[in-house]
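Structural description and commentary
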Amino acid sequence: MNALLDTVETARPVAVDQSGHAGAATMAQPLPTPGALKEAIALQPALKEQIAGHRQAIRNILNGQDSRMLVVMGPCSIHDRDSALDYARRLKDLADEVSDSMVLVMRVYVEKPRTTVGWKGLAYDPHLDGSDNMAEGLASTRRLMRDITALGLPIACELLQPMLSAYMEDLISWAAVGARTTESQIHREMVSALPMPTGFKNGTDGGIQIAIDAMGASRHGHRYPGFDDSGCPALLHSSGNPDTHLVLRGGHHGPNYDAQSVERTSSALRAAGVSTAIMVDCSHANSDKDPARQPLVLDEVIGQRLNGASSLVGVMLESHLETGKQALGGPLRYGVSITDGCLGWVDTEHHLRRAAQRLAIRHT
Ligand SMILES: O=C[C@H](O)[C@H](O)COP(=O)(O)O
Ligand SMILES: C=C(OP(=O)(O)O)C(=O)O
């Protein structure tokens, strides 16, 4: 371990404000700078090239130059390295098997947006016990993302806290902005500087307009305050991200992947002059958070696509080694989600193969 990280990981909290006002930040703990962490857990040139290739492959699908289906799949959240790597190895084999009709990208989600409170992800709390050792969480995240990339897989990640994106964005091939943050100007500014294709989810109320606005805003360049790689506050200049698209994830009033919703959405995207590429999230409000429903959503999307809905270029699945989810607090079962319920690996493989076969028939 790099000496700088050792120092940071063992640094004692420093009191910066002891006013005791409710809600005031009372302690500060130093974190490594993005530059220092990138140097300590570096990305070799061959992996950088691989990631550039994966980003281009995803762009080609979004632009309609590649008719394969983009599939973003993996655990709702990553909470342990072993099961994540176990999942990644299986996914790599499956990705090679279905590569004629699909491009599989692994969800390596290390930050979780919470409806109220809850565990916020590996980057925040790698020990899952509220100790919030973020210096260690960021280092574990980078190491894991690098090792999954080295297996030959592209990585997908939701970027939630804009300050954290600098620690990992060089490793990510497809990024998401979640339903709870699509409307945020700060996230749109962040996306305008990202070097990879990015999906904006519709809002939790099911509204797509905020995502359309987000795509319009983030394709422009912005000037906004942030931190440079050495951790200094700076006015950042972005040049705009031309590779954004919408992710339909359903909303409080129900799913939005049915043919009528997809047609209505496609017309709205066309009218707004933004990308008409649509990814359907088979989980969340599209399956009422019941993992057993995800294959039904997948089947329906493939059916619509085979019937000519060419804007449906991607799907998202929440899938882990084992089915369902478990509560944090007691002993944990290996390979089971600690956030939203997931499809287990056996079902994942079965349904993905089936979908790939249906798509392959269309190709022949
Ligand atoms: O994908 C994960 C969850 O749906 C999202 O983070 C909200 O989770 P929560 O409602 O359990 O806080
Ligand atoms: C939190 C997620 O989704 P959403 O923003 O749609 O709730 C997710 O995909 O993990």
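What counts, and where the lines are drawn
Residues numbered from 1 in each chain as written. Chains lettered and ligands numbered in written order. Predicted model: local features only at pLDDT ≥ 70, side-chain atom pairs only at ≥ 80, totals over all residues. Buried ≥ 20, exposed ≤ 12 C-beta atoms within 10 Å, placed from the backbone. Helix = DSSP H or I, 4+ residues; strand = E, 2+ residues; numbered from the N terminus. Contact = placed C-beta atoms within 7 Å. Near = placed C-beta within 6 Å. Nonpolar A, V, L, I, M, F, W, Y, C, P; charged D, E, K, R; others polar. UniProt positions renumbered as here; feature names shortened; annotations may be inferred. Pairing = 2+ DSSP bridges. Right-handed = clockwise from strand over helix to strand, strands pointing away. Axes fitted to C-alpha atoms, helices over the stretch in contact; angles between N-to-C directions. Parallel < 35°, antiparallel > 145°, perpendicular 65-115°, else oblique. Left-handed = near helix turned anticlockwise from the far one by under 90°.

1. Let's talk about helix α7 (residues 185–192)
Think of an α-helix as turning once every 3.6 residues; residues three or four places apart then point the same way. Taking burial as the measure, the eight residues of α7 include six buried ones, the bulk of the element. The complete set of buried residues in α7 reads H187, R188, E189, M190, V191 and S192. Contacts from the buried residues of α7 go to α6 (162–168), β6 (174–177), β7 (198–201), α8 (209–218), β8 (223–227) and β10 (244–248).

2. Regarding the site of ligand 2
Around ligand 2, the structure places C76, Y109, P113, E158, G178, A179, R180, K201, R249, D281 and H284. Of the residues contributing to the shell around ligand 2, the split by class is four nonpolar, two polar and five charged.

3. Brief notes about the UniProt feature "domain: DAHP synthetase I/KDSA" (unreviewed entry) in the protein
With numbering aligned to this structure, UniProt lists the feature "domain: DAHP synthetase I/KDSA" (unreviewed entry) at residues 60–350. Secondary structure across residues 60–350 comprises 33% helix and 17% strand; the distance between its end C-alpha atoms is 27 Å.

4. Observations regarding the pairing of strand β11 (residues 278–281)
Each regular strand shows side chains that alternate between the opposite faces of the sheet. Alternating positions in β11 separate into two faces, I278 and V280 on one and M279 and D281 on the other, with burial throughout. Here β10 pairs with β11 via three bridges, running parallel. Within β11, the position partnered with V247 by the bridge is M279. Handedness of the crossover is the feature at issue here: the chain leaves β10, passes through helix α9 (residues 259–272), returns alongside β11, and the resulting connection is right-handed. Alignment of β11 against strand β12 (residues 312–318), held across four bridges, turns out to be parallel. Within the sheet, the bridge partner assigned to M279 lies in β12 and is G314. In this view, the connection linking β11 to its parallel neighbour β12 by way of helix α10 (residues 294–306) has right-handed handedness.

5. Comments concerning the sheet that holds β10
Strand order in this closed barrel of eight strands is β3-β4-β5-β6-β7-β10-β11-β12, and the pairing throughout is parallel. Along the sheet, successive strands turn relative to each other by an average axial angle of 30°, direction set aside. Each of β6, β7 and β10 touches α8; the most contacted strand, β7, lies at about 145° to it.

6. A look at unusual backbone geometry
In this model, H284 sits at a positive phi of 50°, which is unusual for a non-glycine residue. Mapped onto the secondary structure, H284 falls in the loop between β11 and α10. Non-glycine residue K289 carries a positive phi angle of around 55°. By secondary structure assignment, the location of K289 is in the loop between β11 and α10.

7. A closer look at the packing of α7 against α8
Contact pair α7 / α8: the axes reach a minimum separation of 8 Å and the direction vectors enclose 45°. Put simply, α7 runs oblique to α8. Remark: the crossing between α7 and α8 carries right-handed chirality. From α7, R188, V191 and S192 reach across to α8, where they touch A214, A217 and S218. Across the contact of α7 with α8, the residue classes break down as three nonpolar, two polar and one charged.

8. Quick word on the environment of A52
With respect to the helices and strands, the residue A52 is situated in helix α3 (residues 45–62). Once the C-alpha coordinates of A52 and A95 are considered, the two residues, 43 residues apart in sequence, prove to be 18 Å apart.

9. A closer look at the packing of helix α4 (residues 81–97) against helix α5 (residues 134–150)
Their axes nearest at 10 Å, the elements α4 and α5 cross at an angle of 20°. With respect to each other, α4 and α5 are oriented roughly parallel. Both α4 and α5 take part in a crossing whose hand is right-handed. Between α4 and α5, the residues in contact are R81, A84, L85 and A88 and S140, L144, D147 and I148, respectively.

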